[in-house]
Amino acid sequence: MEFDALVVGCGFSGAVCARVLAEEYGLRVRILDKRSHIAGNMYDEKDEHGILVHRYGPHIFHTNSEEAFSYIKPFSDWFFYEHRVLGRIRDKLVPIPFNFKSIDTLFPAEKAESLKAKLPAVFPGREKVTVSELVAASDAELAELGRFVFDYVFKNYTAKQWGTPVETLDSGVINRVPVVLSYDDRYFQDAIQMTPKDGFTALFENLLDHPNISVALGCDAKLHLSLDTEAGTMQFDGRPFEGICIYTGPADELFDFVYGPLPYRSLHMVFEHHDKTSFQPVSVVNYPNDGDFTRITEFKKLTAQKKTGSTTVMYEYPRAYVRGSAEAGIPYYAILNQKNRELHAKYAALAEKIPGLHLCGRLADYAYYNMDAAILAALRLARSVVK
Ligand SMILES: Cc1cc2nc3c(=O)[nH]c(=O)nc-3n(C[C@H](O)[C@H](O)[C@H](O)COP(=O)(O)OP(=O)(O)OC[C@H]3O[C@@H](n4cnc5c(N)ncnc54)[C@H](O)[C@@H]3O)c2cc1C
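Residues numbered from 1 in each chain as written. Predicted model: local features only at pLDDT ≥ 70, side-chain atom pairs only at ≥ 80, totals over all residues. Heavy atoms only, no water.

Draft legend 1. Examining the overall build of the protein chain more closely. A tally of helices and strands in the protein chain yields 12 helices and 22 strands. The C-alpha atoms of the protein chain give 23 Å as radius of gyration, which agrees with the globular expectation for 387 residues (21 Å, within 12%). Viewed in the frame of its principal axes, the protein chain has a C-alpha envelope of about 75 × 50 × 40 Å. Per-residue burial for the protein chain yields a buried fraction of 52% across its 387 residues. Contacts in the protein chain between residues far apart in sequence, at least 24 positions, make up 72% of those at least 6 positions apart. (Helix = DSSP H or I, 4+ residues; strand = E, 2+ residues; numbered from the N terminus. Rg over C-alpha atoms; globule rule 2.2 N^0.38 Å. Buried < 20%, exposed > 50% of the residue type's maximum accessible area, 1.4 Å probe, protein only. Contact = heavy atoms within 4.5 Å.)

Here it is as structure tokens:
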């Protein structure tokens, strides 16, 4: 073999693992990705109008982990970017998460003043509360506010996102919907909120630029890698492979769906170009109640691009995942519930039968990881696998 370690998938999970193994352990690393590009779901590129767009949905880097940021920081220049989201509610654009400005915009002045006075009095010292806390409040006006936010901000958006009525979802989902008890309109409160100056793909080019790393694109690992879970062995192109294999693709696919497929939710991204400087006031506007799409992203505002008279936006339509389909075959979101977690655990147990094989990343772990969590998990794994 011309490599010591094989990495399947070139998103953050695979690329960070590869860099650590190459740089810190001196291993020769081969990365395979079945897509025609690096950077996984963080892939961005200039469209035909010269505007940098995120092909797999808007990606904003935010973290409280100094460790995650300091690892990727040297691979790009960065600019400070705090994300702000508006939601179209009753024909008005209001901050999301719902905050005091949202209250001012949607309720008559007297009622808004009353709500803004009661919230800190009933929840002293809190920066935010959850919708479920509001719904359960003994004060009738606050409980009514909770139901309003549930109905107009959360319920239909979530139903569209998951393709199922909100009542059928894990109750934990509603417990996480916040209402902010101030005029703070930042979408994330993390200490570090930075965007790579030349985009994510450029960052990945630097991350992968190491003499010990080679990348094969348009290369489906399933056509090269075979596993024998009984014997606990791997083969690559028909020859025994006893090195390290880090796999960041879907866990069920790796084992030919022997226990059945893991369910996913997919997305349909529709890009539109407009001959105007600005399409909407902020980079992302959510549409909980109108249309079949959940949100519109205007990329120039996400990435501080200054072009005049030209802008590109993207409508995001959630849809069912159809394995093998060209249009609907991208597994964007794991559908997390007890049953699916148990199914994934069976695949993870199969992987453990093969020494040297390691699952890593949002697909292999069947989890939702933000980029920082994916980076941290990759750092931990790559620093633990070399014996
Ligand atoms: C719509 C959307 C928006 C998001 N926005 C944010 C955000 O704003 N901020 C944030 O922090 N996180 C965000 N995330 C999460 C972020 O995308 C993940 O943290 C990140 O994708 C994890 O990287 P990964 O390497 O684990 O997976 P991926 O980026 O999906 O990479 C996996 C790679 O494996 C490859 N692969 C799979 N099977 C094979 C095979 N058989 N052979 C070869 N290659 C294979 C795939 O082609 C893919 O390139 C978002 C996710 C989604 C879905």
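From this point on, the discussion continues.
Draft legend 2. Focus on the packing of aromatic side chains. If you walk through the whole model with that rule in mind, you get 23 aromatic pairs. Arranged with centres 5.8 Å apart and planes meeting at 35 degrees, the rings of F61 and F69 form a pair that is tilted. The two residues F61 and F69 agree in class, both being buried. An aromatic cluster of three or more residues is present, and its members are F98, F107, F148 and Y152. Taking NZ or CZ as reference, R35 lies 4.1 Å from the ring centre of Y56, over its face. Lying over the aromatic face of F271, R55 brings its terminal NZ or CZ to 4.7 Å of the ring centre. (Phe/Tyr/Trp six-rings, centres within 6.5 Å; stacked < 30°, edge-to-face > 60°. Lys NZ or Arg CZ within 6 Å of the ring centre and 35° of its normal.)

Draft legend 3. Broad picture of helix 11 (residues 338-352). When the terminal C-alpha atoms of helix 11 are compared, their 21 Å separation across 15 residues agrees well with the 21 Å that a helix rising 1.5 Å per residue should span. At its buried positions, helix 11 is contacted by helix 9 (251-254) and strand 22 (357-359). Near the N-terminus of helix 11, the side chain that reaches the backbone nitrogen of K339, with its oxygen 3.2 Å away, is that of N337. (Expected span 1.5 Å × (residues − 1). Polar contact = N/O pair within 3.5 Å; in protein donor to acceptor, adjacent residues only side chain to side chain.)

Draft legend 4. Quick look at the pattern of salt bridges. Enumeration according to the criterion identifies 21 salt bridges in this entry. Between D4 and R28 there is a salt bridge, and its shortest N-O distance comes to 2.9 Å. Note that D4 is positioned in the segment before strand 1 (5-8) and R28 in the loop between helix 1 (12-25) and strand 2 (29-33), a separation of 24 residues in sequence. Residue E141 is joined to K118 by a salt bridge in which the shortest nitrogen-to-oxygen separation is 2.7 Å. Here E141 is found in helix 6 (residues 140-162), whereas its partner K118 is found in helix 4 (residues 109-122), with 23 residues between them in sequence. Connected via shared salt-bridge partners are E82, R84, D184, D185 and R186. (Salt bridge = Lys/Arg side-chain N within 4 Å of Asp/Glu carboxyl O.)

Draft legend 5. Representation of the side chain of N99 in the model. By secondary structure assignment, the location of N99 is in the loop between strand 8 (92-96) and helix 3 (100-106). The buried category is assigned to N99, whose relative accessible area is 0%. From its side chain, N99 meets the backbone oxygen of D184 in a polar contact 3.3 Å long. Once residues lying within four places of it in the same chain are set aside, the contact partners of N99 are V180, S182, Y183, D184 and D185.

Draft legend 6. Seen up close, the pairing of strand 20 (residues 311-320). The buried fraction of strand 20 is high, at 7 of 10 residues. Here 10 bridges tie strand 17 (residues 264-274) to strand 20, and the two strands are oriented antiparallel to one another. Following the sheet pairing, H273 is matched in strand 20 by T312. Bridge count for strand 19 (residues 295-298) against strand 20 is 4 bridges, and the pairing is antiparallel. The residue bridging T297 from the neighbouring strand is M314, located in strand 20. (Pairing = 2+ DSSP bridges.)

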